[in-house]
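Listed below are the residues making up each chain.
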Amino acid sequence: MKCLMSSDLPDLTRRSRLRNKKHSQPGIFKKVKMMKLYRININMLDDPLENKRLLELVGSERRKKVIRYHMPDDRKRSLGAGIIIRKILDENGLPESRLKYSENGKPVVDGLFFNVSHAGDYVVGVQSDCKVGCDIEKIVKAPFKIAEQYFKKKEAEYIQSEQEMDKAFFTLWTLKESYMKMTGKGMSLSLDSFEIVRTENGFILGTSPEERCFFGTMLFDGYSFSVSNETDFDLTQLEFYDIMSEIMSTMENQAAAKQKGSQDELPDCNRWTGRCR
């Protein structure tokens, strides 16, 4: 049986919910009870090797990972991912010692459903009450040969039918990768093993050997961002938590306090609750 998914059209001014009257009866598909989005613009971060106070925002294992990168932006993205994961753990009252990594390198915590992704200037994350995956990509000149070689026929036809083909490619790419991450298999699940189909109302899962899911996708600042979730959700009703705005404000206040002789510690991540679109 084909599964239904919620989706936003790839234009923020025309985002809409996927609704199928055939399956509108209550109780057929569960609705998500909790979902949160997180976002960090790495341009708000100093290089953590130059401002080592930033490394105090993550645990020891993440610090080691951050400093292994050679390029400043790579260090910032790794740090940003660690900050988002740390915030999610703190929101659930869990220590970083509960964090493990799967065989494909995905950070996991027993009983907690979350995912992180990064590209270009942004690190994003999602937390849900069921299996979830997310992906972000900067919309640039698309590698259409990948679609020709590894995408299903209907997926390639969708891209070719769109006026903005680059945007269509990365919308589909982020949807596919978010689904691969939701299943827990990541890139070990081949791109051509499942199909995502564009309909009049949004995107649905066509053929797939894996589990069903619901989709949401949006654009911001020239990036495509997509979420796959095990239960139905409405991405248009969610806002990003802009963590770094609160962190930088707190660190500035702390620096001013130290000049006056204060020895306050850095605050816990679960105190940062700034929001932005």
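Source: prediction; values computed, not measured.

1. Remarks on the pairing of strand 1 (residues 35-41)
Extensive coverage of strand 1 is indicated by the burial of six of its seven residues. As defined by bridge partners, strand 1 adjoins strand 5 (residues 122-128) across seven bridges and the pair is classed as antiparallel. Across the sheet, Met 35 pairs through a bridge with Ser 128, a residue of strand 5. In this sheet, strand 11 (residues 240-242) lies alongside strand 1 in parallel orientation, the contact comprising three bridges. Counterpart to Arg 39 in the pairing with strand 11 is Asp 242.

2. A look at the confidence of the model for the protein
With 83% of its residues at a pLDDT of 70 or more, the protein has an overall mean of 83. Here residues 269-277 is modelled with pLDDT under 50, and outside its nearest four sequence neighbours on either side it reaches 33 contacts, counting other chains as well.

3. A short note on the packing of helix 1 (residues 60-68) against helix 2 (residues 72-91)
At a minimum axis distance of 8 Å, the contact between helix 1 and helix 2 shows a crossing angle of 165°. When the axis of helix 1 is compared with that of helix 2, the two are roughly antiparallel. Helix 2 is crossed by helix 1, and the crossing has right-handed handedness. Where helix 1 abuts helix 2, its residues Arg 62, Lys 65, Val 66 and Ile 67 lie against Arg 75, Ser 78, Leu 79, Ala 81, Gly 82 and Ile 85. Of the residues that constitute the contact of helix 1 with helix 2, the class distribution is five nonpolar, two polar and three charged.

4. Remarks on the sheet that holds strand 10 (residues 223-229)
Overall, antiparallel pairing links the three strands, which are arranged 6-10-9 in an open sheet. Looking at strand neighbours, the two that pair on one side only are strand 6 (132-138) and strand 9 (214-220), the edges of this open sheet. The average angle at which neighbouring strand axes cross in this sheet is 15°, direction not considered. Judged from the seven bridges that link them, strand 9 and strand 10 form a sheet pairing that is antiparallel. Looking across to strand 10, one finds that Gly 216 is bridged to Val 227. In the packing of helix 5 (residues 165-182) onto the sheet, contacts are made with strand 6, strand 9 and strand 10, and the angle to strand 6 comes to roughly 150°.

5. Some thoughts on unusual backbone geometry
Here the phi dihedral of Asp 221 falls at roughly 50°; this positive angle occurs in a residue that is not glycine. Exposure remark for Asp 221: the relative accessible area of 57% places this residue in the exposed category.

6. Regarding the packing of helix 4 (residues 153-161) against helix 5
Look at helix 4 against helix 5: their axes get within 7 Å of each other, and the N-to-C directions meet at 150°. Between helix 4 and helix 5, the crossing angle belongs to the class labelled roughly antiparallel. Contact residues: helix 4 offers Glu 155, Tyr 158, Ile 159 and Gln 160, while helix 5 offers Met 165, Ala 168, Phe 169, Thr 171, Leu 172 and Lys 176. Split into classes, the residues belonging to the contact of helix 4 with helix 5 amount to six nonpolar, two polar and two charged.

Rules of the game
Residues numbered from 1 in each chain as written. Predicted model: local features only at pLDDT ≥ 70, side-chain atom pairs only at ≥ 80, totals over all residues. Heavy atoms only, no water. Buried < 20%, exposed > 50% of the residue type's maximum accessible area, 1.4 Å probe, protein only. Helix = DSSP H or I, 4+ residues; strand = E, 2+ residues; numbered from the N terminus. Pairing = 2+ DSSP bridges. pLDDT = per-residue confidence, 0-100. Contact = heavy atoms within 4.5 Å. Axes fitted to C-alpha atoms, helices over the stretch in contact; angles between N-to-C directions. Parallel < 35°, antiparallel > 145°, perpendicular 65-115°, else oblique. Left-handed = near helix turned anticlockwise from the far one by under 90°. Nonpolar A, V, L, I, M, F, W, Y, C, P; charged D, E, K, R; others polar.

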